[in-house]
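Chain and residue survey
Read off the chains here:
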Amino acid sequence: MIIGIGTDLVEISRVIKACENRHFLEKYFTMDEIKLIEHDKRKAADNFAVKEAVSKIFGTGFHNFSPIDIEVLREESGKPYVKLYGKALDLAKQLKIGTIHVTITNTQKYAQAFAVGESVDVR
């Protein structure tokens, strides 16, 4: 059962520029995400959009947890996936969200993400 959905659209250049500030980078992204971003700066915008979209599936936005509590990585195939930590993980458990599906699309200027939170019990 779907518990929540979320979407977000960001300007790639704005996120890349914000990431020039090391404090911003370390506040919003985990070390594994930073490694990904150092290899491809556009991934910062992709991941930022996913974090925003995931925060919306909770129905709260970033209320009582931080963007760094949502980690966005890639499978070998390139498919993005989410790992939750801290208060974001606690909220997912409280809402009984067992799986978070995400997808990313982008153009030259924008990155867009869509997220779906699926319940633990999917009969």
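Residues numbered from 1 in each chain as written. Predicted model: local features only at pLDDT ≥ 70, side-chain atom pairs only at ≥ 80, totals over all residues. Heavy atoms only, no water.

1. Things to note about the UniProt feature "domain: 4'-phosphopantetheinyl transferase" (unreviewed entry) in the protein chain
In the UniProt entry, the feature "domain: 4'-phosphopantetheinyl transferase" (unreviewed entry) is given for residues 4–97. Each end of residues 4–97 is marked by a C-alpha atom, and these two atoms are 9 Å apart; helix forms 51% of the span and strand 20%. (UniProt positions renumbered as here; feature names shortened; annotations may be inferred. Helix = DSSP H or I, 4+ residues; strand = E, 2+ residues; numbered from the N terminus.)

2. Observations concerning the environment of Glu 75
Along the chain, the position of Glu 75 falls in the loop between strand 2 (70–74) and strand 3 (80–84). Glu 75 sits in the partly exposed class, given a relative accessible area of 38%. (Buried < 20%, exposed > 50% of the residue type's maximum accessible area, 1.4 Å probe, protein only.)

3. Quick look at the UniProt feature "binding site: Mg(2+)" (unreviewed entry) in the protein chain
Here the UniProt-annotated "binding site: Mg(2+)" (unreviewed entry) positions come out as Asp 8 and Glu 52. In terms of the greatest pairwise C-alpha distance, the residues named above, spread along 45 residues, form a tight cluster of at most 6.0 Å across. Here Asp 8 shows up in strand 1 (residues 2–11). Given the relative accessible area of 14%, Asp 8 is considered buried. Apart from the residues within four sequence positions on either side, Asp 8 is in contact with Ala 49, Glu 52, Ala 53, Lys 56, Ala 111, Gln 112 and Ala 113. Reaching out from Asp 8, the side chain makes a polar contact with the side chain of Lys 56 at a distance of 3.1 Å. Along the chain, the position of Glu 52 falls in helix 4 (residues 42–57). Not counting residues up to four positions away in its chain, the partners in contact with Glu 52 are Asp 8 and Phe 62. (Contact = heavy atoms within 4.5 Å. Polar contact = N/O pair within 3.5 Å; in protein donor to acceptor, adjacent residues only side chain to side chain.)

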